[in-house]
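Take a look at the letters that make up each chain.
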Amino acid sequence: MLLKLTGSSCSGKSTLALAAADRFPGIAVHDFDEIGVPDRPGPHWRHRATEWWVRRALEYQDRGIDLLLTGQSPLGEVLAVPSAPLLDGIAVCLVDVDDDTRRARLARRDPGRWDARAVGAFLGWAAWHRGHARDPRHLPGAVVDGGWPEMVWHRWTSWAADDPRWRTHLVDTTGKAPTASAEAVARWVSAQREAHRSGRLALSRGWTDAGGARSASR
């Protein structure tokens, strides 16, 4: 299955993924940006790259290995890439942090690199992630507009917030020690893998079927 840690920059995704995955057998950990990032990445690039990573997850799936992937693609993008229905399970977790902490982390990580406008964009993207995690109807144009033509948005754009398939878990790292946040991610990974094994994972194979929402809620 694909376990996706998403969120805006400097929320701690990569650090937590590595710390959490060490506790489990049968999990590969990768960062989305390993394949290279263009100077001006936009939705079109991110969508194509998400499809590339989903195909990589399918390769792992064939070997009985789950992929824990960090990156900024939210749930709606993962569900819309062409190969997503071939995964035997999908789960997404938003790793978040408050704005003041994100500003401080950006300044420490990349001193002098980001001006006020760029920092504002990171904060705005973080705010959008929070809204998207709660409701698929929250400003979908932020990811749909200017995207890759192969994306299949209609898989989820008619869903409501109470659809059992629309679930993004939240891990807020604000004011928490890295060990505590890693433990929270580890609990999420364990819960999703168990839900998949027991047939309770809402985004198991078949989630695109007309009755997917009903069967997932049973």
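Description of the structure in this document.

1. A word on helix 1 (residues 13-21)
Among the residues making up helix 1, those that are buried are Lys13, Leu16, Ala17, Ala20 and Ala21. Considered in projection along helix 1, the buried side chains sweep an arc of 115° and stay on one side of the axis. Of the residues in helix 1, the exposed ones pointing more than 90 degrees away from the buried face are Thr15 and Leu18. In this fold, the buried residues of helix 1 make contact with strand 1 (2-6), strand 2 (27-31), strand 3 (66-70), strand 4 (90-96) and helix 7 (178-197).

2. Some details on the packing of aromatic side chains
The tally for this structure, following the rule as stated, stands at eight aromatic pairs. Plain terms: the ring middles of Trp114 and Phe122 are 5.0 Å apart, the flat faces sit at 85° to each other, and that makes the pair edge-to-face. For Phe122, a relative accessible area of 15% corresponds to the buried category. Each ring, one from Trp125 and one from Trp128, has its centre 5.1 Å from the other, and the planes form 5°; the classification is stacked. Of the two residues, Trp125 and Trp128 are both situated in helix 5 (residues 116-134); the distance of three residues between them amounts to about one turn of the helix. In textbook terms, an aromatic cluster arises when at least three aromatic residues are bridged by ring pairs, as seen for Trp153, Trp156, Trp159, Trp166 and Trp207.

3. Section: the pattern of salt bridges
Applying the stated criterion to the full structure yields 14 salt bridges. One salt bridge in this structure joins Glu77 and Arg46, with 2.6 Å as the shortest N-O distance. Of this pair, Glu77 sits in helix 3 (residues 75-80) while Arg46 sits in helix 2 (residues 43-62), and the two are 31 residues apart along the sequence. Classification of Glu77 as buried rests on a relative accessible area of 0%. Accessibility expressed as a relative area gives 13% for Arg46, which makes it buried.

About the criteria used
Residues numbered from 1 in each chain as written. Predicted model: local features only at pLDDT ≥ 70, side-chain atom pairs only at ≥ 80, totals over all residues. Heavy atoms only, no water. Buried < 20%, exposed > 50% of the residue type's maximum accessible area, 1.4 Å probe, protein only. Helix = DSSP H or I, 4+ residues; strand = E, 2+ residues; numbered from the N terminus. Arc of directions from axis to C-beta. Contact = heavy atoms within 4.5 Å. Phe/Tyr/Trp six-rings, centres within 6.5 Å; stacked < 30°, edge-to-face > 60°. Salt bridge = Lys/Arg side-chain N within 4 Å of Asp/Glu carboxyl O.

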